[in-house]
Amino acid sequence: MATNYYDTLGISKSASSDEIKKAFRKKAHEYHPDKGGGNSDKFKEVNEASKVLSDDQKRQQYDQYGQPVD
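Below is a summary of the structure that appears in this document. Everything numeric in this text was worked out from a predicted model, so none of it was measured. (Residues numbered from 1 in each chain as written. Predicted model: local features only at pLDDT ≥ 70, side-chain atom pairs only at ≥ 80, totals over all residues. Heavy atoms only, no water.)

### Some words on the nonpolar core
The criterion, for reference: Here, nonpolar core means buried Ala, Val, Leu, Ile, Met, Phe, Trp, Tyr and Cys residues that are tied together by side-chain atoms lying within 4.5 Å of each other. Three labels apply to residues, based on accessible area from a 1.4 Å probe with only protein chains included: buried if under 20% of the type maximum, exposed if over 50%, partly exposed otherwise in between. The numbering of helices and of strands both runs from the N terminus, where a helix is a DSSP run of H or I of at least 4 residues and a strand a run of E of at least 2. Residues are treated as being in contact if the distance between any of their heavy atoms lies within 4.5 Å.
Residues Tyr5, Tyr6, Leu9, Ile11, Ile20, Leu53 and Tyr62 are the most contacted members of the largest nonpolar core, which totals 13 residues. Top element by residues in this core is helix H3 (residues 40-54). It accounts for 4 residues. Apart from residues lying up to four places away in sequence, Leu9 is in contact with Ile20, Ala23, Phe24, Lys27, Val46, Ala49, Ser50 and Leu53.

### Structural notes on the environment of Ser40
By the secondary structure assignment, Ser40 is in helix H3. Considered as a pair, Ser40 and Val52 are 12 residues apart in the sequence and their alpha carbons are 19 Å apart. Those residues within four positions of Ser40 in sequence are excluded, and the remaining contacts are Tyr31 and Pro33.

### Things to note about helix H2 (residues 17-31)
Where we set the bar: In this analysis, the expected span of each helix is defined as 1.5 Å times one less than the number of residues it contains. When we speak of the arc, we mean the arc of directions from the helix axis to the C-beta atoms.
End to end, H2 covers 21 Å across 15 residues, agreeing with the expected 21 Å (1.5 Å per residue, within 8%). When H2 is considered as a whole, its buried residues turn out to be Ile20, Ala23, Ala28 and Tyr31. Each buried residue of H2 lies within a common arc of 130° when the element is viewed along its axis, so the set occupies one face. Along H2, exposed side chains directed more than 90 degrees from the buried face belong to Asp18, Lys22, Arg25, Lys26 and His29. Each element contacted by the buried residues of H2 is listed here: helix H1 (5-9), H3 and helix H4 (56-65).

Shape is all these values report; function is a separate question.
Spelled out as structure tokens, the structure:
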């Protein structure tokens, strides 16, 4: 999946960890599959983006190589 995690969360590359958390909560609430009109695929993308960008080491690798890291 070639997705830009920053675009997925609607944040800039210079976003702080607090901005990442806030964006994740907003998007997760919007796409949660238990909500009416929720989208489980989008929810998974938002969750994956948050996991990578919230971890400083994974974020650094993602910024350097531009691809998802495990």
